[in-house]
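# A look at the structure
Listed below, chain by chain, are the residues.
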Amino acid sequence: MSSSRRYQMIIACLIGVLIVVLIAFGVMLSQQDKSEIKSTTTDSSEQAESSNAQAASTSQQTYTPEASTTTTYSVYDYVNTFHVSKQQLIDKWIADGETEESAQSMADLSGIKWQYVALDAAKAALGSQNYSYDGLIDYLLYNEFTEEEAEYAADNCGADWNQHALETANRYIRDQHPSIDGVEGYLAYQKYSDEEIEYALSQITIDSDDAATETAKSYLRSMRGTSRQGLIDQLIYEGFTEKEAANAVDACDIDWNEQAVDKAKSYIRSSDFSYLGLIDQMIHTGFTEEQARYGADNCQADWNEEALSAAKGYRRVLDLDYQGVKRQLEFNDYTSEQVQYALTNIDW
């Protein structure tokens, strides 16, 4: 083979090798580009998903109303379920770690119509309890709705305020057995208007004698040591006439001597009294002299110890000397024997 022919074959082989190398390099570059494109696409997708999630989080915050439950509410569900005011929502977000500015901003951007939330809160409250117009507004203000929102709710809740006044009166009669005057005073306290009170009073019927008797019995169950006159005075204060009050008290068939004993024991437990001082005090609270003496005689007081306890009090509070304590004990009707007992046993 001639040298020219051999040279041509070598050149052809080198060209073939170069072509193979270039093809391989091209394939490698193509795969790298695809990998970078895929990575870029994946990153872009993840960023988009993250942005969407953040946007969704901003537009629809989630909130767990109680630590003991795993139920998660959107802001709208939470507000509509629990009828919270804007300020209550802000306060809760702050308690959960948000800054005041952030919580305020989220509430402002929530798009919630707070007057409608107040209206729902008003209807829910009226479904479980009776309110006057002003009473309902007070309830909504207490729950941190604005005055404007509260008035909107009260104006648009569809309540029959006369009917609410009547139902309030009937419940009070059932629970407390009041006089007519007592019902009127209670409705006024609940902020019903004069017209609503008049309507309610026109629709109710009260047996004043029975009501007075039930009220008297109620006081006797809750307060031991009541005098006859003291109980009559209390019923008159509740709006019953003197005759209704006296008849009710007498209908209770009470042992006033036993009431006097209970009252005497109560006084002895709370303060220091001499025998005569205790009798005077009990007469002052409405017991007869006979009942007061019976109470003092049977309250099981140790009058010497009463004198000693009083003397210690005079020393501690008034900083009296021997003669000052002696004069004070005598002034409060302790006997000479009781005074001497106290002066002998006090630590000077």
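Within any chain, residue numbers begin from 1 and follow the written order of that chain's sequence. Given that this is a predicted model, residues contribute local features only at a pLDDT of at least 70 and side-chain atom pairs are listed and counted only at 80 or more, while totals for whole chains, interfaces and linings are drawn from all residues. Hydrogens and waters are ignored; side-chain quantities use all the structure's heavy atoms.

### Some points on the nonpolar core
Grouping buried Ala, Val, Leu, Ile, Met, Phe, Trp, Tyr and Cys residues that are joined through side-chain atoms within 4.5 Å yields what is termed a nonpolar core. The buried label goes to any residue with under 20% of its type's maximum accessible area, the exposed label to any with over 50%, and the partly exposed label to all in between, with areas taken from a 1.4 Å probe on protein chains only. Among the nonpolar cores identified, the biggest contains 29 residues, and Val 79, Leu 89, Trp 93, Leu 136, Leu 140 and Cys 157 are the most heavily contacted of them. The numbering of helices and of strands both runs from the N terminus, where a helix is a DSSP run of H or I of at least 4 residues and a strand a run of E of at least 2. It is helix H5 (residues 114-128) that contributes the most residues to this core, 8 residues altogether. Contact criterion: two residues are considered in contact whenever any of their non-hydrogen atoms come within 4.5 Å of each other. Residues contacting Leu 136, with those up to four places away along its chain left out, are Ala 122, Ala 125, Leu 126, Tyr 131, Ala 154, Cys 157 and Trp 161. Residues Leu 166, Leu 187, Ile 204 and Ala 246 belong to the second largest nonpolar core, which totals 27 residues.

### Comments concerning the environment of Lys 191
Tracing the sequence through the fold places Lys 191 in the loop between helix H9 (180-189) and helix H10 (194-203). Note: C-alpha distance between Lys 191 and Tyr 131 (60 residues apart in sequence) is 8.6 Å. Here Lys 191 is in contact with Ser 132, Asp 134, Gly 135 and Asp 138, once residues within four sequence places are set aside.

### What about the confidence of the model for the chain?
For every residue, the pLDDT score states the predictor's confidence, bounded by 0 at the bottom and 100 at the top. In this model, the chain carries a mean pLDDT of 86, and residues with pLDDT of at least 70 account for 79%. Long-range and interchain partners of residues 62-72, a stretch whose pLDDT sits below 50, account for 16 contacts in this model, where long-range means more than four residues apart.

### Examining the environment of Glu 195
Assignment of secondary structure puts Glu 195 in helix H10. Glu 195 sits in the exposed class, given a relative accessible area of 56%. Sequence spacing of Glu 195 and Ala 165 is 30 residues, and the spatial spacing of their C-alpha atoms is 9.9 Å.

### Here's the deal with H9
Along H9, the residues classified as buried are Gly 182, Val 183 and Leu 187. Buried residues of H9 fall within an arc of 130 degrees about the axis and therefore sit on the same side. Check the buried side of H9 and you find it contacts helix H8 (161-176) and H10. Looking one or two residues past H9, Lys 191 carries a phi angle of roughly 70 degrees, positive in sign. Each direction from the helix axis to a C-beta atom contributes to the arc, which is the arc of those directions.

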